[in-house]
Amino acid sequence: MIRSFVKSLKAPTAQGRITEGQPIAVLDIGSNSVRLVIYERHIRALTPIYNEKVACGLGRGIGQTGALAQDSVDRALIAMRRFALVCQMTGVGNLHILATAATRDASNGAMFIAGVEEIMGAAVRILSGEEEAHFAALGTIAGMPQQQGMLGDFGGGSLELAILDGQQPGEGETHPLGAIRLQDDSGNSAAKALKIARKALSASSLIGSVKRTEFVAIGGTWRALAKVHQIRTNYPLSMVQGYRVDASDMSELCSQIIELSQKGELPEEAQRLSSNRRDLLSYGAAALQAVSEVGKFKTVKFSALGVREGYLFGQLDDAEQQVDPLLQACEELSILRSRSPQHAQDLIEFSAAFLDAIGFEESDAQRQLRNAACYLSDISWRGHPDYRGVQAVDAIAYGSFVGVDHGGRAHLARCLAVRYLGLKRKHLENDAVLALCAEKHAQHADMIGALFRVAYLLSAAMPNVLPQISWQKTEDKLQLVLPAGFEVLAAEKMLRRLNQLATFLDLEAEVVSA
């Protein structure tokens, strides 16, 4: 008989979840698909615990018939019955249902919405085109704080544009230029779809009057374009959030896709996409090509966050909106996986005191990444010693973080690679990822990682130790100041790591008593 340790506990609970709060869900009814996303709780850094999409094609043919096709409606309502049960099983507290272009424009949209409300037991909010643009922009800002530029949310039935001004969305507008709509209106010709999109956007008062150098692209079909570009260029990361490309490079890719589509072909890289994404890829290329031509943007940046996240972000109070989503997510990981969450807080103060002692002036971005690294510095302690470094780097490089660009991910990964593997970082195969860290930030990442190696030997990852230890710097020495009773911590291994840190700074190491 196998004895269960879990069953032997008086009150077994899952430790892989944050216990505070209640799950919250958004059901997004779009022209191409319906998607249910359930988040662990309603905070600044949303963590999905369930995410399912069903390609229903509600917007198919609506430009010609003016109505939702019955087979698409039936397929969507079948999905709703499953979604309703999933919401019940996961204990969703609040369910928000958003409907966009297809139901907004269809003559039988109200009947369909009534069916959805009956199944889901919640009211449906039908967003106007301007509201879609607003919430898409809010979602972008939620994932990319301080983002400047112009946003485009490319759905199945429409394209929403909005100004991004760092804090709050600016003016927005909508165009009937979604992927399904362009496919239908062009008679399955991407070349003709390009002409349709180019003509519509040339008349846009928004894109023509406001000069922005960066265009932020949202939407599954545009994310598929980013994936194709990443595969083609052997880019070391596969997530789309924060991926930035020169507009000229993306235009070249779009032109190639449109040209191949005229022959009934697609780029080889597109074979790794889902069939639904492949079918609409050339129309996404046509729309993005038209945007680039009319807007004359210099760069294109992709966002995985959009209307759903923007809608929830808009419901947070001002104080919660100002929370750093990267630091919040990293702190949660520390709570879930580290030996002592308090030790991470101690490490933040300990590393700040170290930088102050050596006279290193951090930028705001470096300070954010250092604090994030402190939260993440012990998340792989349960792993095998030979693989803790690899696990930590993978968790950071490929984790579901927002509020950080790809260079920032590489900075964090580099810092943790040094923390576990040393400055030479042997036995690590993520060099291509680490190389995304800008050269001007590499020294900071390596230095903090080397500091962590000293800190963990001093504290044994336990709280309330590091606050008792301090640093001093003379003209040529880095001095570690140990209080009375802590002298025995100056053991051989710790001294070796302290010497490595000092050498990195072109100093000599010295241990002194307080």
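If you check an unreviewed UniProt entry, the protein chain appears there as Exopolyphosphatase from Maritalea porphyrae.

Q: What is the right way to read the sheet that holds strand 12 (residues 470-473) from this model?
A: Strand pairs in the sheet, formed through backbone hydrogen bonds, run parallel or antiparallel to each other. Taken in spatial order, the three strands of this open sheet run 12-13-14, and their pairing is mixed. Edge strands, defined here as strands with exactly one partner in the open sheet, are strand 12 and strand 14 (508-513). Taken pair by pair, the neighbouring strands of this sheet meet at an average axis angle of 25°, ignoring direction. Two elements, strand 12 and strand 13 (residues 477-482), share four bridges in a ladder whose sense is antiparallel.

Q: I keep staring at helix 8 (residues 190-202) and nothing clicks. Help me out?
A: If you check helix 8, its first and last C-alpha atoms are 18 Å apart, about what 13 residues at 1.5 Å a residue would give, namely 18 Å. When helix 8 is considered as a whole, its buried residues turn out to be Ala190, Ala193, Leu194, Ala197 and Leu201. Buried residues of helix 8 fall within an arc of 105° about the axis and therefore sit on the same side. Looking at helix 8, the residues exposed on the side facing more than 90 degrees away from the buried face are Lys195, Lys199 and Ser202. Among the structural elements, strand 7 (159-165), strand 8 (169-175), helix 7 (179-185), helix 9 (205-209), helix 11 (247-261) and helix 12 (275-295) are those in contact with the buried residues of helix 8.

Q: Is there a simple way to explain the pattern of salt bridges in this structure?
A: When charged atoms on two side chains of opposite charge get close, those side chains can pair. Summed over the entire model, instances satisfying the criterion amount to 19 salt bridges. The salt bridge partner of Glu362 is Arg370, with a shortest N-O separation of 2.8 Å. On the accessibility criterion, Glu362 (15% relative accessible area) is buried. Across the pair Arg414 and Asp446 runs a salt bridge whose closest N-O atoms are separated by 2.8 Å. Separated by 32 residues along the polypeptide, Arg414 in helix 19 (residues 406-421) and Asp446 in helix 21 (residues 439-459) bring together distant segments of the chain. One salt-bridge network, in which partners are shared between bridges, spans Glu362, Asp364, Arg367 and Arg370.

Q: So what exactly am I meant to see when it comes to the packing of helix 15 (residues 325-337) against helix 17 (residues 364-376) here?
A: Helices that pack against each other are described as a pair by the angle of their axes relative to one another and the distance between those axes. Where helix 15 meets helix 17, the axes come as close as 8 Å, and the angle between the chain directions of the two elements is 15°. Judged on the interaxial angle alone, helix 17 and helix 15 are roughly parallel. Where helix 15 crosses over helix 17, the two elements pack in a sense that is left-handed. Residues Leu326, Leu327, Cys330, Glu331, Leu333 and Ser334 of helix 15 form the contact with helix 17, whose participating residues are Gln368, Leu369, Asn371, Ala372, Tyr375 and Leu376. Partitioning the contact of helix 15 with helix 17 into residue classes produces eight nonpolar, three polar and one charged.

Parameters and conventions
The residue numbers shown here count from 1 along each chain, following its written sequence. Selection of residues for local features in this predicted model requires a pLDDT of at least 70, selection of side-chain atom pairs for listing and counting requires 80 or more, and totals for whole chains, interfaces and linings are taken over all residues. Remark: hydrogens and water are excluded; side-chain values derive from all non-hydrogen atoms of the structure. When DSSP finds two or more bridges between a pair of strands, those strands are recorded as paired. A run of H or I in DSSP counts as a helix once it spans at least four residues, and a run of E counts as a strand once it spans at least two, with each numbered from the N terminus. The axes used here are C-alpha line fits, helices contributing only the stretch in contact, and every angle between their N-to-C directions lies in the interval 0 to 180 degrees. Helices are assigned an expected span. That span is 1.5 Å times one less than the residue count. Classification of residues uses two cut-offs on accessible area relative to the type maximum, computed with a 1.4 Å probe and protein chains only: under 20% is buried, over 50% is exposed, and between them is partly exposed. The arc in question is the one traced by the directions running from the helix axis out to the C-beta atoms. Note on definitions: a residue-residue contact is assigned when non-hydrogen atoms from the two residues lie within 4.5 Å. Salt bridge, as used here, is a side-chain nitrogen of Lys or Arg placed within 4 Å of a carboxyl oxygen of Asp or Glu. Angles below 35 degrees are treated as roughly parallel, those above 145 as roughly antiparallel, those between 65 and 115 as roughly perpendicular, and all remaining angles as oblique. A crossing counts as left-handed when the near helix is turned anticlockwise from the far one by less than a right angle, and as right-handed when that turn is clockwise. Each residue gets one of three labels, nonpolar for Ala, Val, Leu, Ile, Met, Phe, Trp, Tyr, Cys and Pro, charged for Asp, Glu, Lys and Arg, and polar for the others, Gly among them.

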